[in-house]
Amino acid sequence: MTDPHERLRALSLELPVLGAPKYSYEPTTRCGNLLWVSGQISRTAAGEILRGRMGEDATLEDGRRAAEISALNLLARIDDAVGLANVEKVLKLDVWIAGTGDFIDQPTVAEGASQLLRTVLGDAGRHARTALPAPVLPQGALVELDATIAVRGGV
């Protein structure tokens, strides 16, 4: 099974339908074979934002789930922009995790997003990654991520 949509179905996952941004920015921008995806927070398809802060009111399981949901939103933005089948490589994933000053396990939380990208996109989902702490994220989200993607074809 090599089609990303088939892999999503096998995981019983659906890409959310995302609306236009609320503010003055684009959800994705493309130049040649590079696609930049704006920050995607941990908002479920039903519109619920997974909120909290690691080290305060969220568990590692909560954080990993929030990272996975953010990654599903990222995949939806990519699919809308170029189609998942046109992803050549996820080059870089940046993951911000809301947490207290003494929370230091950001990589474990970010792993929820990384594993989903690798599972859905196969080798194209292997990426460099930075997992960063944040005292607070937009709308109180637990996780926000963005990515730089190499895509097939150019503009």
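Attention here is on the structure that accompanies the text. Predicted model only: the values in this text are computed from it and were never measured.

1. Comments concerning the overall build of the protein chain
- The secondary structure content of the protein chain amounts to 3 helices and 5 strands.
- For the protein chain, the C-alpha radius of gyration of 15 Å lies close to 15 Å, the compact-globule estimate for 155 residues.
- Within the structure as shown, the protein chain displays about 7,800 Å² of accessible surface, and the carbon and sulfur contribution to it stands at 49%.
- Of the charged side chains in the protein chain, 16 are positive and 20 negative; the average position of the first set lies 4 Å away from that of the second.

2. Points about the side chain of S70
- By secondary structure assignment, the location of S70 is in helix α2 (residues 60–81).
- Here I41 takes part through its backbone oxygen, which lies 3.4 Å from a polar atom of the side chain of S70.
- Once you skip the residues sitting within four places of it in the chain, S70 turns out to touch Q40, I41, S42, V143 and L145.

3. Some remarks on helix α3 (residues 106–121)
- End to end, α3 covers 23 Å across 16 residues, agreeing with the expected 22 Å (1.5 Å per residue, within 8%).
- Of the positions making up α3, those classed as buried are Q106, V109, A110, G112, A113, S114, L116, L117, V120 and L121.
- Along its buried surface, α3 packs onto α1 (4–10), α2, β3 (87–98), β4 (128–134) and β5 (143–151).
- Following α3 by one or two positions, G122 adopts a phi angle in the positive range, close to 65 degrees.

4. Concerning the sheet that holds β4
- Spatial ordering of the open sheet is given by β1-β2-β5-β3-β4, a layout of 5 strands whose pairing is mixed. Every other strand in the sheet has two partners, leaving β1 (28–31) and β4 as the edge strands with one partner each. Strand-to-strand twist across the sheet, computed as the mean angle between neighbouring axes with direction ignored, equals 15 degrees.
- In the sheet, β3 pairs with β5 via 9 bridges, with the strands oriented antiparallel. Bridging from a neighbouring strand, L93 pairs with A147 of β5.
- Against the sheet, α3 touches β3, β4 and β5, its axis set at about 145 degrees to β4.

5. A few points about the nonpolar core
- Formed by 39 residues in total, the largest nonpolar core has its most connected members in L74, L75, I78, L93, L121, V143 and I149.
- Those elements that place two or more of their residues in this core are β2 (34–41), α2, β3, α3 and β5.
- Per-element tally for this core: the top contributor is α2, with 9 residues.
- Once you skip the residues sitting within four places of it in the chain, L74 turns out to touch V37, Q40, L93, L117, L145, D146 and A147.
- Counting residues in each nonpolar core, the second largest holds 6 residues, with I41, I49, L137 and A141 among its members.

Conventions adopted
- Residues numbered from 1 in each chain as written.
- Predicted model: local features only at pLDDT ≥ 70, side-chain atom pairs only at ≥ 80, totals over all residues.
- Heavy atoms only, no water.
- Helix = DSSP H or I, 4+ residues; strand = E, 2+ residues; numbered from the N terminus.
- Rg over C-alpha atoms; globule rule 2.2 N^0.38 Å.
- Areas by Shrake-Rupley, 256 points an atom, 1.4 Å probe, with all protein chains shown as cover.
- Lys, Arg positive; Asp, Glu negative; His and termini not counted.
- Charge placed at Lys NZ, Arg CZ, Asp CG, Glu CD.
- Polar contact = N/O pair within 3.5 Å; in protein donor to acceptor, adjacent residues only side chain to side chain.
- Contact = heavy atoms within 4.5 Å.
- Expected span 1.5 Å × (residues − 1).
- Buried < 20%, exposed > 50% of the residue type's maximum accessible area, 1.4 Å probe, protein only.
- Pairing = 2+ DSSP bridges.
- Axes fitted to C-alpha atoms, helices over the stretch in contact; angles between N-to-C directions.
- Core = buried A, V, L, I, M, F, W, Y, C linked by side-chain atoms within 4.5 Å.

That is the geometry; function is a separate question.
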